[in-house]
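# A closer look at the structure
Chain residues, written in single-letter form:
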Amino acid sequence: MVVEHAGPAQRLAEGLRSLPSGKTALAATMAAYRFLNNDAVALPHLAEPLLTAAREGVAEHCEQMALVVHDWSKLNFYRHQRKANRLPSCRSGWPEGYEIFSTLVVSDREGAPLAPVGLCLQATDGVYCTRSYAPRPVLPRLDEVTAAMQAVQGQLPKPALHIIDAEADSLVNYRQWHSQGLTFLTRCDDRLVKIGQRRQKCSAWQGELHLQKAFRPVRTVEYHGKKAEQWVAELPVTLIGPGYVNQTSRKKKTAIAGPPLDLRLIIAEVRDHAGTVLATWYLLTNLPRDIDDATIALRY
């Protein structure tokens, strides 16, 4: 079974790969199930070797810091009628199954995945998490992210940079993470940010940077199968005002006041050979100034 786990068909493939033998893939899966279905072994026990692998991988394959990526995905189990704790199909238009929140450590040197250090599977009877010995209640999404970030803190031999997509664009959480000494890199929406006495949207600042010819090309990239160029520019910004958190009803939000927060705004553009902007990312981070904007865009 160890050999099957160590021999995936692709580098990023998950789970078992049935070896050439007389048994079927289903037989290999059932054998793994019988082995793992042991009440004496909880999910935190199974996660310990993964954390060890992450530590070893970071020490060998990371130069400055470990990139810790947080994201959600759907596991479709709509044909497995015996799984009574599947989430209903009405969730975001997905078929019946489960939602999994993963925390993956990635090398800052070549972007290779090193090890998952946290997995939380949401079902109708709670969340099965590698940090919990029994199913626990469902947390708001960004509280789940915060718990995962805190769990990684101090566990790796190099500093952790937590990378999250625009779903984590929350001033309340930015303030919380920064105050707790957590380093983050998040793609944000076209939100209001302040520079000096002026406060306007990221896109407005982007327009001014175009007029100033402040963008510079940093690397060749592939965009929809075609070669393009990535251009970057940076601004020091301040986020002010209250943040907002969702209540039990997703349509109702509560304002939470907080102090001004100074961050770095990196605007990354993908342009074709004619200079037309094909895509734009607005990236917010509290990384120190000695890490340049091109490196930050590459890490995201």
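Scroll up to find the structure.
Here the structure is a predicted model, which is why all the values come from computation and not from measurement. (Residues numbered from 1 in each chain as written. Predicted model: local features only at pLDDT ≥ 70, side-chain atom pairs only at ≥ 80, totals over all residues. Heavy atoms only, no water.)

### Details of the pairing of strand β2 (residues 97-106)
Burial runs high along β2: eight of the ten residues are buried. Across eight bridges, the pairing between β2 and strand β3 (residues 113-123) is antiparallel. Within β3, the position partnered with L104 by the bridge is P116. Where β2 hands over to β3, the hairpin turn is made up of six residues, of which G111 adopts a positive phi near 80°. (Buried < 20%, exposed > 50% of the residue type's maximum accessible area, 1.4 Å probe, protein only. Helix = DSSP H or I, 4+ residues; strand = E, 2+ residues; numbered from the N terminus. Pairing = 2+ DSSP bridges.)

### Here we look at the packing of aromatic side chains
Here a ring pair, both rings aromatic, is described through the centre-centre distance and the interplanar angle of the planes. Applying the stated criterion across every chain yields a total of six aromatic pairs. Centroid distance W281 to Y300: 5.2 Å. Interplanar angle 70°. Geometry classified as edge-to-face. Placement of the pair is W281 in strand β14 (residues 277-285) and Y300 in the segment after α7 (293-299), with a sequence separation of 19 residues. Take W281: its relative accessible area is 32%, and that puts it in the partly exposed class. (Phe/Tyr/Trp six-rings, centres within 6.5 Å; stacked < 30°, edge-to-face > 60°.)

### Examining a nonpolar patch on the surface
Among the surface-exposed residues, F35, L36, V41, L43 and L46 lie close enough to one another that they form a single nonpolar patch of about 420 Å² accessible area. Listed by contribution, the elements that provide at least two residues to the nonpolar patch are α2 (25-36) and α3 (43-61). (Patch = residues over 30% accessible without salt bridge, like charges linked within 9 Å, V, L, I, M, F, W, Y side chains within 5 Å. Areas by Shrake-Rupley, 256 points an atom, 1.4 Å probe, with all protein chains shown as cover. Salt bridge = Lys/Arg side-chain N within 4 Å of Asp/Glu carboxyl O.)

### Comments concerning unusual backbone geometry
Glycine aside, the phi torsion of most residues is negative, and most peptide linkages are trans. Here K213, not a glycine, exhibits a phi torsion of approximately 55°, which is positive. Here H224, not a glycine, exhibits a phi torsion of approximately 55°, which is positive. The topology assignment puts H224 in the loop between β9 (216-223) and β10 (226-239).

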